[in-house]
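A closer look at the structure
Listed below are the residues making up each chain.
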Amino acid sequence: MCRKRCGISAGTEVLGRSAYFGIEANLVNYLTGRLGQSTVMAAKNVNTGYGIATLLPLVGALVADSYIGRFRSIIIASLLYILM
């Protein structure tokens, strides 16, 4: 049973990462084509977004562990996810 659950979890992670990096690559094309940004500016914007998306869970973990608490942070994050 654990092998099936681990496989589903690993598969979901692989698909999520593939979607994320696929969107990231297409975002540079969109920024340079439709929005008319230079390649340098588009790459800078995408890399800034990637850096923020990578570091934001660390900030969230610090706030959840230090101030909010584990269960309240799960409830708050779930409500924000539903509202967005």
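It should be emphasised that the depicted structure is a prediction, and the values quoted were computed from it without experimental measurement.

The rules behind each value
Residues numbered from 1 in each chain as written. Predicted model: local features only at pLDDT ≥ 70, side-chain atom pairs only at ≥ 80, totals over all residues. Heavy atoms only, no water. Helix = DSSP H or I, 4+ residues; strand = E, 2+ residues; numbered from the N terminus. Rg over C-alpha atoms; globule rule 2.2 N^0.38 Å. Buried < 20%, exposed > 50% of the residue type's maximum accessible area, 1.4 Å probe, protein only. Areas by Shrake-Rupley, 256 points an atom, 1.4 Å probe, with all protein chains shown as cover. Phe/Tyr/Trp six-rings, centres within 6.5 Å; stacked < 30°, edge-to-face > 60°. Salt bridge = Lys/Arg side-chain N within 4 Å of Asp/Glu carboxyl O. Lys, Arg positive; Asp, Glu negative; His and termini not counted. Expected span 1.5 Å × (residues − 1).

A word on the overall build of the protein chain
- A tally of helices and strands in the protein chain yields three helices and zero strands.
- Here the C-alpha atoms of the protein chain give a radius of gyration of 17 Å, more than 25% beyond the 12 Å that 2.2 N^0.38 yields for 84 residues.
- For the protein chain, the spread of C-alpha atoms along the three principal axes comes to 45 × 35 × 20 Å.
- Out of the 84 residues belonging to the protein chain, those deemed buried represent 7%.
- Just so you have it, the protein chain exposes about 7200 Å², and 68% of that area is on carbon and sulfur atoms.

Overview of the packing of aromatic side chains
- Scanning all chains against the criterion turns up three aromatic pairs.
- Between the aromatic rings of Tyr20 and Phe21, the centroid separation amounts to 5.4 Å while the plane-to-plane angle is 80°, which identifies the pairing as edge-to-face.
- Here Tyr20 falls in the partly exposed class, since its relative accessible area comes to 33%.
- For Phe21, a relative accessible area of 39% gives the class partly exposed.
- Ring plane angle 35° and centroid distance 5.9 Å describe the contact between Tyr20 and Tyr50, whose orientation is recorded as tilted. Pair noted here: Tyr20 is in helix H1 (residues 2-33) and Tyr50 is in helix H2 (residues 39-68), with a separation of 30 residues, a long-range link.
- Aromatic rings pair up to connect Tyr20, Phe21 and Tyr50 into one cluster.

So, the pattern of salt bridges
- Per the counting criterion, the structure on display carries one salt bridge.
- Close ionic contact of Arg17 with Glu13 constitutes a salt bridge, the shortest N to O distance being 3.0 Å. Taken as a pair, Arg17 and Glu13 lie in helix H1 at a separation of four residues, close to a single helical turn.
- Of the residues examined, Arg17 reaches a relative accessible area of 48% and is grouped as partly exposed.
- A relative accessible area of 44% means that Glu13 is categorised as partly exposed.

Observations concerning the environment of Ala25
- Relative to the assigned elements, Ala25 resides in helix H1.
- When the C-alpha atoms of Ala25 and Gly51 are compared, they prove to be 15 Å apart, with 26 residues separating the residues in sequence.

Focus: the side chain of Glu24
- Position of Glu24 relative to the elements: it lies in helix H1.
- In this structure, Glu24 is buried with no salt-bridge partner, the nearest side chain bearing the opposite charge being Arg17 at 9.4 Å.

Quick word on H2
- Here H2 spans 41 Å end to end across 30 residues, near enough to the 44 Å set by a 1.5 Å rise per residue.
- The complete set of buried residues in H2 reads Ala42, Val46 and Ala64.
- Phi for Gly69, located one or two positions after H2, is positive at around 105°.

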